[in-house]
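Now for the letters of each chain:
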Amino acid sequence: MTEERSGWPALWAMVIGFFMILVDTTIVTVGMPAIMAGLDADVSGAIWVTSAYLLAYAVPLLVSGRLGDRFGPRRVYLIGLSLFTLASLACGLAPSIEVLIFARVVQGLGASLLTPQTMAVITRTFPPDRRGPAMGLWGSVAGVAVLTGPLLGGVLIDTLGWEWIFFVNLPVGVIAFAAAWRFVPRLETHSHRFDWIGVLLSGVGMFCLVFGIEEGQSYDWGVIAGPVSVWSLIITGLVVMAAFVLWQRRVAEPLVPLSIFADRNFTAAGIAICAMGFIVTSQGFPLMLYAQSGRGLTPTQSALLMIPIAVISAVLAPIVGSVINRRNPRNFAVAGFGLLALGLAGYALLIRSDISVWWLLVPSAMVGLASAGIWGPLSVSATRNLPPRMAGAGSGVYNTMRQIGAVLGSAAMAAYLSSRITANLGPGAEGAARETGGVVPAGIVAPFSAAMAQSMWLPAVVALVGLAAAAMLVWRAPADTRAAEPARAEDEGIQAEAITGDA
């Protein structure tokens, strides 16, 4: 089929940039101690290097997905990729922590523009019953990228210095831009009125929520400045987002068509991907802290513990994608979340001061197997019933839910880990460990390891939430094609009109 053949080069071109920005969400964590030393920054400044990026990434996602519908996913993708690549250069050249934070904001904005366009192009260039392999590739990229960031970061920092965790984006960004310019087609745009009130409400609401959740631990869940507290900010965010939902029900051309939530698969997949975002950002922190501070491993050595996750997920995710058009995606997702919960529980049981770190490769392999069964099947389920005119909006909402899960995971793990360290080592131990960033004294390795192990139960429980959401997915066998024909005809008709060739 001509349209599908046109879709594959575009997909391969876009996943290069998608991989780059996903790696960047985790690679900086490994470089924090080196960045603090190189720029003479304190802990508060270092925290903002990550927080500023997450805020700038998460807040505009609802809008950026709609921008792809309005101006074309190819154009918005190239703009986002350019912003991200140039900001990476500024990050590597930053002479101070303040400049680095500003550059990270621009990076986050670029990533926010780029991310929804990848799923939108898949939705619009592959018919619903043939998206499995495409979403399998997208899922493998997502699963591998967020888990290989620590390894790549460790190698670059140990060999070239912290600046290269940003400089490495430059050649990748140039290649990704050239590939997208050549292979991503110009797709039909939908000239609707832009919901500026919705943009304002969603931006303010998302900022208050994300900032409150992400920075709550930094302010001990108390006062931020003057009368503004963390909880007042979170409550304000909830109220504004409620107003946003009410507005979307009234406006003629909403920023987020609420009708997409009438699709059971989209809603269930969104909840499940939110849980997955939570798990990805939360499970790596205690594991890396245990390996480096508890067992004295280097960043590269500790990141090697996650190799089975990346390798197994990369190998199996495309295979899963090739069969989920003929098999029920729900079965893969349910099995994936079940295995993920077992793997995370395995970490909780094996993280001890008197065990060989090689044993941790076993739960790592289980998490890799689980990831292969989660990313692609969820993406296929979420987008299968979306009409092309809602591809950008649906992709924006889906990725927003993933990113909100990531923010929740980061904040929740910071709070829970702090409480476990205090419970096992006593008051003040968490602050001392964070300030030094070094290997803990031999006398407290056992209770320190116990705190890390107990923290792994948090993402394990959240995996059960993902399992419950995945179990709600429904599937229609390929033999039952009558109901699928209108959606397929619409998809293929738009593809034939919209794909106008390369620039």
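The name an unreviewed UniProt entry gives the chain is EmrB/QacA subfamily drug resistance transporter, with Naumannella cuiyingiana as the organism. Under Sequence similarities (unreviewed entry), UniProt gives the following word-for-word description of the chain: "Belongs to the major facilitator superfamily. EmrB family." On record in UniProt, under Subcellular location (unreviewed entry), the comment for the chain is "Cell membrane".

**Section: the overall build of the chain**
Scanning the chain from N- to C-terminus turns up 21 helices and two strands. Sorting the 503 residues of the chain into buried and exposed places 56% on the buried side. Residue pairs at least 24 apart in sequence account for 86% of intrachain contacts in the chain once pairs closer than 6 positions are excluded. When the accessible surface of the chain is summed, it comes to about 19,200 Å², and 69% of that surface belongs to carbon and sulfur atoms.

**Quick notes on the environment of Ala 412**
Its place among the elements puts Ala 412 in helix α17 (residues 391-425). Sequence separation between Ala 412 and Phe 278 is 134 residues; the distance between their C-alpha atoms is 8.8 Å. If we skip the residues at most four places from it in the chain, Ala 412 touches Phe 278 and Leu 458.

**Observations regarding a nonpolar patch on the surface**
Side chains of Leu 304, Ile 307, Val 311, Val 315 and Ile 319 sit close together on the surface and give an oily, nonpolar patch of about 400 Å² of accessible area. Residue placement: Val 311 occurs in helix α13 (residues 307-323). Here Val 311 falls in the partly exposed class, since its relative accessible area comes to 45%.

**Considerations on helix α14 (residues 329-350)**
Taking 1.5 Å per residue, 22 residues should reach 32 Å; α14 reaches 31 Å between its end C-alpha atoms and fits that length. At the N-terminal boundary of α14, the capping side chain belongs to Asn 328, with an oxygen 2.9 Å from the backbone nitrogen of Arg 330.

What counts, and where the lines are drawn
Residues numbered from 1 in each chain as written. Predicted model: local features only at pLDDT ≥ 70, side-chain atom pairs only at ≥ 80, totals over all residues. Heavy atoms only, no water. UniProt positions renumbered as here; feature names shortened; annotations may be inferred. Helix = DSSP H or I, 4+ residues; strand = E, 2+ residues; numbered from the N terminus. Buried < 20%, exposed > 50% of the residue type's maximum accessible area, 1.4 Å probe, protein only. Contact = heavy atoms within 4.5 Å. Areas by Shrake-Rupley, 256 points an atom, 1.4 Å probe, with all protein chains shown as cover. Patch = residues over 30% accessible without salt bridge, like charges linked within 9 Å, V, L, I, M, F, W, Y side chains within 5 Å. Salt bridge = Lys/Arg side-chain N within 4 Å of Asp/Glu carboxyl O. Expected span 1.5 Å × (residues − 1). Polar contact = N/O pair within 3.5 Å; in protein donor to acceptor, adjacent residues only side chain to side chain.

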